[in-house]
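Chain residues, written in single-letter form:
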Amino acid sequence: MFASPLTADAQLRPLNPWHAEEFLANLDRAREHISPWVSPSFVATDLDRARHVLQRYADRWARDDGGIWGIWCDGTLVGGVLLVSLNAATGVCEAGCWLEPTAEGRGLVTRAVSRIIDWALVERGLHRVEWRTNAGNVRSIAVARRLGMQRDGVLRGVLRGPDGRIDLEVWSVLAPEWRARRGGGVAGEG
């Protein structure tokens, strides 16, 4: 129910608190791979914390200030996409993603992020979607490029990391750019 196909064997679906066990299993498979790139508060280490992360996003969805969706391949949760923030008053939201290594290289993140950008800019009527990523995360930057985002700049030394300060790149796409790029179909597909 409420599934959107990404490929013949992959779907994008809402990720709810009752998916906490699946979410934790996904994080356990992806933990080492995604830990350098995502917030430590997202990478839950036990079932209660996994449920808490998902409940936090369910509450955000209810308040109209964020959301989270899972990517399932052959019935297994392998990653997902999220609106880290959404501000209807300013018309700006921030998108993000995570994916376990076994699911990489299939265009799943690009297709899934494309769907939430389409929802945010076309259906919801927001003006800007941001993509913020560690400047060293080449895979994430490649997704931003594939989605037609523009690099706005670098926030130098803005985050603390295990080896010192981290630069954060900010990418974005504006509603008129997205509409022009998507033409008759959804951007990122194909």
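Rules used in this analysis
- All chains use their own residue numbering, which begins from 1 and follows the written sequence.
- Selection of residues for local features in this predicted model requires a pLDDT of at least 70, selection of side-chain atom pairs for listing and counting requires 80 or more, and totals for whole chains, interfaces and linings are taken over all residues.
- As a rule here, side-chain values come from all non-hydrogen atoms in the structure, and water together with hydrogens is ignored.
- In this description, a nonpolar core means a group of buried Ala, Val, Leu, Ile, Met, Phe, Trp, Tyr and Cys residues linked to one another through side-chain atoms lying within 4.5 Å.
- Here's how the labels work: a residue is buried when its accessible area is under 20% of the maximum for its type, exposed when over 50%, partly exposed in between, all with a 1.4 Å probe on protein chains only.
- Counting from the N terminus, the helices are DSSP H or I runs at least four residues long and the strands are E runs at least two residues long.
- The criterion used for residue contact is that any of the two residues' heavy atoms lie within 4.5 Å.
- Any pair of N or O atoms that falls within 3.5 Å is considered a polar contact. Within protein, one atom must be able to donate a hydrogen and the other to accept it, and sequence-neighbouring residues count only if both atoms are side-chain atoms.
- Whether two aromatic rings pair depends on their centres lying within 6.5 Å, for rings of Phe, Tyr and Trp, where Trp uses its six-membered ring; planes under 30 degrees apart make the pair stacked, over 60 edge-to-face, and the rest tilted.
- Distance and angle both matter: a charge sits over a ring if NZ of Lys or CZ of Arg is within 6 Å of the ring centre and within 35 degrees of the ring normal.

Visitor: Go over the nonpolar core with me, naming the residues and quoting the values.
Guide: Within the largest apolar cluster, 34 residues are counted, with the highest numbers of intra-cluster contacts made by Ile-71, Val-113, Ile-117, Leu-121, Val-129, Trp-131 and Met-149. The element contributing the most residues to this core is helix α3 (residues 108-123), with 8 residues. Excluding residues within four positions of it along the chain, Met-149 makes contact with Ile-117, Val-129, Trp-131, Ala-144, Trp-171, Ser-172 and Val-173. If you look at the next biggest cluster of nonpolar residues, it comprises 20 residues, including Ala-30, Val-38, Ala-44 and Leu-54.

Visitor: Outline the side chain of Asn-137, listing residues and values.
Guide: Mapped onto the secondary structure, Asn-137 falls in the loop between β6 (128-134) and α4 (138-146). For Asn-137, a relative accessible area of 11% corresponds to the buried category. A polar side-chain atom of Asn-137 sits 3.1 Å from the main-chain amide nitrogen of Ser-140.

Visitor: Can you break down the packing of aromatic side chains residue by residue, with the values?
Guide: All chains considered together, the criterion is met by 5 aromatic pairs. The interplanar angle of 80° and the centroid separation of 5.8 Å between the aromatic rings of Phe-23 and Trp-98 together place this pair among those described as edge-to-face. With Phe-23 in helix α1 (residues 20-34) and Trp-98 in strand β5 (residues 92-99), the pair connects residues that are 75 residues apart, well separated along the chain. Just as Phe-23 is buried, Trp-98 falls in that class too. The ring of Trp-72 carries Arg-13 above its face, with NZ or CZ at 3.8 Å from the centroid.

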